[in-house]
Amino acid sequence: MNLIETLRVIWINLMQNKFKVMLTSLGIIVGAVTIVMVIAIGKGGEDEIAGQFGDLSAATVYVNPDYSKAFLGNTDITQFPKLTEEIEGQIREENPFLKSIMRVMYTGDEVTMNGESNFVNITGVFPEYEEISNLPLALGDNITQDDIDNKSRVAVIGDKLATQYFGTAENAIGKAVKIRNQTYTIVGVLERKGDAIQGMSADDTVFLPYSTVEERLMSDFDLPQMVGLAKDIAYVDKAVERIQSTLNYVLDDGSTYTVEDAGSRIEAATESAHTMNMLLVSVAVIVFIVGGIGIMNVLFVSVKERTKEIGILKALGSSKRDIMAQFLLESIMISLFGGGVGVLLSILLMPLMQYTDIPVSPTMGGKLLALFFSVFTGTLFGFYPAYKASRLKPIDALSYE
Amino acid sequence: MQNLFTLQGVNKSYHMGQEQLHVLKDVCLEVRRGEYLTILGPSGSGKSTLMNIIGCMDNLDTGSYQFEDIAVHKCNDNELTWLRNKKIGFIFQKYHLIPQYSALQNVIMPLLLRGMSRAQATREAQQSIDLVGLSDRMSHKPNELSGGQQQRVAIARALVTQPALLLADEPTGALDSATGKEILALFRRLNDAGNTIVMISHDANVAAQSHRIIHINDGWLSDENSDIQTYNPRHGSQPDTASQKTMGIC
C-alpha cells in the first residue's frame, strides 16, 4: 500500500478515536513542553551568565571584602579594614602582571532626574573603568583624572536611565542629576549593554568620580572594592597571587579580602548552569520515557481491539510490512501530534515564566528538539506493538472475539 | 475445461492441549473454472479448516494444493499474501467489514493494498458496487447499513479484484431468509457471469442453489452419491451431470 493511502487509513482510525488520541499524546505533550522549557531555562541561565559578565575579559581580577568573615567573626563592619589609595598604590607598584587596577565603590541612593525620583545604583569609578569594565561611551565625555582630583560633580549614566528619564541619550547630556540635594551634570552616556544582567546593570547605573562618592555619599558601612585587568590572560593566576600577598602584609588579616579572577568566576557559573541543565534534561527524558510507555500501552490495547481488523486486512492481502507500517506510523502520528501541541503550548506558557524569577530564553532549537524527541519516542515505543500486530496469523486474528 | 485448483491427499491436524485433532483426512478436490460448488457439512466437520486452506490462509500438513500453475503448499507467507490479494475474493458469514471505513473505503482496500492509486481503485470499485446495487450507499459506514447491504458491500469487496475464485463462508448465515435468498440470487448471477464460486455451508437449502455439492463429515469429503448424506434432505435433486459430480472427488 502506498504511503499516502496508509496515512489516509491512519487518519480515519485516529479521527474515530479522537479522545483516545488526546489521552495517549498527553504524555508526549507534557514531555515536549518540558523539553522546550528546560532548554529555554538552560539557555536563560547561560544568557544570564553571559550578561552578568558581559564582554568582561577573563583577565579581569576582583578584590572583594569577604563579608562572611566579617559576620562570622562578629566584627563590626565599620571596623572592617578599608581599601585605601595607599593600598591601591602598593598593589600597583608590586604587581608587574597587572595592566591596571582601580578602586570602585558600589552604592545606591535616591536620585532625581528630570523631576522624577527613584532609588538608583551609583558606582564610584576612576577613568580606567571604561577599559577595565569594558563600558564604552556612546555620547559625551568620560570621567577624567581632573574630575577625580577636583571631586567634580559630573556623572556618566547608563543608556537605560538616559532613555527612561530623558527620552534619548542626546537629551540627557548636560542635564542635571540630583543626589542628596547636590546637583551633578551629566557629561556622558554609555553604550547599551543589554538587560540580562541581574542586580547591577551598567545600563541603569549612575557613574560618579570615585573621589566625589568617597566624600559625599560613602558611609562607614560601605566598603570599597577593586577591579583590575591582568596584562595577559596567562598572567591572571600570578596577578591574583601577587595581589593576595600584598594584601597579606598591608592588612592585619589578608584573608578579609578575597581575590578572584573573572575567568574562574565565569567557569564556576557556567559549570553550575551546566549541572542545572543536565538535571533538567534528565527530568525531560524521564517524562518522555513515561509518555512513551503510555503510547506503548495504548497501542497494545489498540492492537488487541483491532485484532479482527488486522485479520480482515490480512485476508484481503495486507502484507506484514503494510500492517507494521500502519501501526508504527499511527504511533508516530500520535506522537507528532503530541509534540506539536506541546510546542504550541510551550509558546503560550513561556510568557508566564516572567512571573517567576527563573530566566528563560526560548530557542527554535529547543522546539525542534522537542519535536524530534516526540517522534523518536513514538517510533521507539510504537515499534514493538506494531511488530506484534504484523506477526498475527490471519485465521487466528479473524476468529478473535 | 481446465481445473482452477486441485487438492490432493490433504491432511491437517491441530493440537488442542494434549490431544491431536485430525481435522482434514486425505482430502482430494478438483474445482474447474466457472463452477458453483458448495461444501456442505455440519459444524465441526472441518469445513472451515478446508476453506482456510483453499483461501491460502492456513498451511496444510501433507498433500498438495495446486492453484492454477502455483504450488500453494510450497508457498511462504509473502506468496500466500499475494495469492489472497490477487486470486481469491473472500465473503464471510459476519461480513467482516472494517467498521470505521465507509462502504467505498472497504471495497477499495484490496486494490489499495496492491498499490493502486485511489482514483483508479475508486473507478473499479464503482463497477462492483453497481453490480451489487449499492451505488447510493457508498459513503455509509457498515453500522448504517442493514445486514443484507453489508453483505453486498462484502461481495463488492470480493469482486473488485476480479479474483479467480470467490470463496464464501456461510454467506447467508447471519441473514434472514428473504435477504439470504437475495444474496443467493446474486451469487447465481455472478456465477452466470463466469465467476467461479466455492461456498461453505451447513444449510442444504443454500447448497441446493449451487451446481455441485460436496459433503464434508468428520474431515472426510464425499460427493452426494456417497453414503454420508444426513445433512442433505433434498439429496438427489441436483440437476448437474454425472460427469461433473464424479470428477470432483478423487
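Residues numbered from 1 in each chain as written. Chains lettered and ligands numbered in written order. Predicted model: local features only at pLDDT ≥ 70, side-chain atom pairs only at ≥ 80, totals over all residues. Heavy atoms only, no water.

Visitor: Can you help me understand the overall build of chain B in this one?
Guide: Check the secondary structure of chain B and you find eight helices and ten strands. For chain B, restricting intrachain contacts to residue pairs at least 6 apart in sequence, the fraction spanning at least 24 positions comes to 71%. Counting every atom, chain B has about 10600 Å² of accessible surface; 46% of that belongs to carbon and sulfur. (Helix = DSSP H or I, 4+ residues; strand = E, 2+ residues; numbered from the N terminus. Contact = heavy atoms within 4.5 Å. Areas by Shrake-Rupley, 256 points an atom, 1.4 Å probe, with all protein chains shown as cover.)

Visitor: What is the right way to look at empty space enclosed by the protein in this model?
Guide: The gaps of empty space that remain are located by a probe, the size of a water molecule, rolled over the atoms. All told, the structure shown has four cavities of 30 Å³ or more when counted by the stated rule. Size it by volume and the largest cavity reaches roughly 70 Å³. If you trace the largest cavity, you find it lined by A:Asn13, A:Leu14, A:Asn17, A:Lys20, A:Val21, A:Thr24, A:Val298, A:Leu299, A:Ser302, A:Arg306, A:Glu330 and A:Ile334. Secondary structure elements with two or more residues in the lining of the largest cavity: helix H1 (3-16), helix H2 (18-53), helix H11 (262-305) and helix H13 (320-349) of chain A. Considered class by class, the residues forming the lining of the largest cavity number five nonpolar, four polar and three charged. The calculated volume of the second largest cavity comes to roughly 60 Å³. If you trace the second largest cavity, you find it lined by A:Ala315, A:Leu316, B:Arg84, B:Asn85, B:Ile88, B:Gly89, B:Phe90, B:Pro110, B:Arg157, B:Ala158 and B:Thr161. Listed by contribution, the elements that provide at least two residues to the lining of the second largest cavity are helix H2 (77-87), strand S6 (88-91) and helix H5 (147-159) of chain B. Ranked by the residues each element gives to the lining of the second largest cavity, the list is headed by S6(B), at three residues. Among the residues forming the lining of the second largest cavity, the class breakdown is six nonpolar, three polar and two charged. (1 Å grid on protein atoms, 1.4 Å probe; cavity = no way out; pocket = protein on both sides within 12 Å on 5 of 7 lines; lining within 4 Å. Points joined across faces, edges and corners; volume = space filled by probe spheres on them. Nonpolar A, V, L, I, M, F, W, Y, C, P; charged D, E, K, R; others polar.)

Visitor: Explanation requested: a nonpolar patch on the surface in the structure shown.
Guide: Nonpolar side chains collect at one region of the surface, where A:Leu345, A:Leu348, A:Leu349, A:Leu352 and A:Tyr355 lie side by side and expose about 540 Å² of accessible area between them. When you line up the elements, A:Leu352 lands in the loop between H13 and helix H14 (364-390). (Patch = residues over 30% accessible without salt bridge, like charges linked within 9 Å, V, L, I, M, F, W, Y side chains within 5 Å. Salt bridge = Lys/Arg side-chain N within 4 Å of Asp/Glu carboxyl O.)

Visitor: Just to check I follow, could you spell out the interface of chain A and chain B for this structure?
Guide: Think of interface size as the accessible area that goes away when the parts come together; that is how it is often given. In this assembly, 26 residues from chain A lie in contact with 26 residues from chain B. Between chain A and chain B, roughly 2300 Å² of surface is buried when both sides are summed, and carbon and sulfur atoms account for 63% of that area. Of all residues in chain A, the largest losses of buried area upon contact with chain B belong to A:Met1, A:Leu316 and A:Ile395, amounting jointly to 26% of the total for that side. Between chain A and chain B we count two salt bridges in total. Where A:Lys320 meets B:Asp77, a salt bridge forms, and the shortest distance between an N and an O atom there is 3.0 Å. (Buried area = accessible area lost by both parts, 1.4 Å probe.)

Visitor: How should I be thinking about the pairing of strand S5 (residues 154-157) of chain A in this particular structure?
Guide: Looking along a regular strand, one sees side chains alternate from face to face of the sheet. Residues and elements named next belong to chain A. Where burial is concerned, the two faces of S5 agree: the one with Val154 and Val156 and the one with Ala155 and Ile157 are both buried. The pairing of S5 with strand S8 (residues 205-209) spans two bridges and is classified as antiparallel. Following the sheet pairing, Val156 is matched in S8 by Phe207. (Buried < 20%, exposed > 50% of the residue type's maximum accessible area, 1.4 Å probe, protein only. Pairing = 2+ DSSP bridges.)

Visitor: Where do I start with the packing of H5(B) against helix H6 (residues 177-192) of chain B in this structure?
Guide: Helix packing for two helices is described by the angle between their axes and how far apart those axes are. Residues and elements named next belong to chain B. Here H5 crosses H6 at 20°, and the two axes come no closer than 10 Å. Accordingly, the angle class assigned to the pair H5 and H6 is roughly parallel. Our pair here, H5 against H6, has a crossing hand that is right-handed. On H6, the residues touching Gly148, Gln151, Arg152, Ile155 and Leu159 of H5 are Thr179, Glu182, Ile183, Leu186, Phe187 and Leu190. Here the contact of H5 with H6 is composed, by residue class, of six nonpolar, three polar and two charged. (Axes fitted to C-alpha atoms, helices over the stretch in contact; angles between N-to-C directions. Parallel < 35°, antiparallel > 145°, perpendicular 65-115°, else oblique. Left-handed = near helix turned anticlockwise from the far one by under 90°.)

Visitor: How should I be thinking about the layout of surface pockets in this particular structure?
Guide: In this model, the second largest pocket occupies a volume close to 620 Å³. Lining the second largest pocket are 24 residues, with A:Leu398, A:Ser399, B:Ser48, B:Asn52 and B:Asp169 sitting closest to its centre. Breaking the lining of the second largest pocket down by element, the ones donating at least two residues are helix H15 (394-398) of chain A together with helix H1 (47-54) of chain B. With five residues, the top contributor of residues to the lining of the second largest pocket is H1(B). When grouped by side-chain class, the residues that make up the lining of the second largest pocket number seven nonpolar, ten polar and seven charged.

Visitor: What am I meant to see in the sheet that holds strand S5 (residues 70-71) of chain B here?
Guide: Residues and elements named next belong to chain B. With respect to topology, four strands assemble into an open sheet ordered S2-S1-S4-S5, the strand pairing being antiparallel. What marks the edges here is a single partner per strand, and that holds for strand S2 (19-32) and S5. Relative to S2, strand S1 (residues 3-16) runs antiparallel, the two being bridged by ten bridges. Its bridge partner lying in S2, Phe5 is registered against Val31. Each of S1, S2 and strand S4 (62-67) is contacted by H1, which is oriented at about 125° to S1, the strand it contacts most.

Visitor: Would you explain the pairing of strand S3 (residues 116-125) of chain A in this entry?
Guide: All names here are of chain A. Here nine bridges tie strand S2 (residues 98-113) to S3, and the two strands are oriented antiparallel to one another. If you follow Thr107 over to S3, its bridge partner there is Ile122. The antiparallel hairpin formed by S2 and S3 contains two residues in its connecting segment, where Asn114 sits at a positive phi of about 55°.

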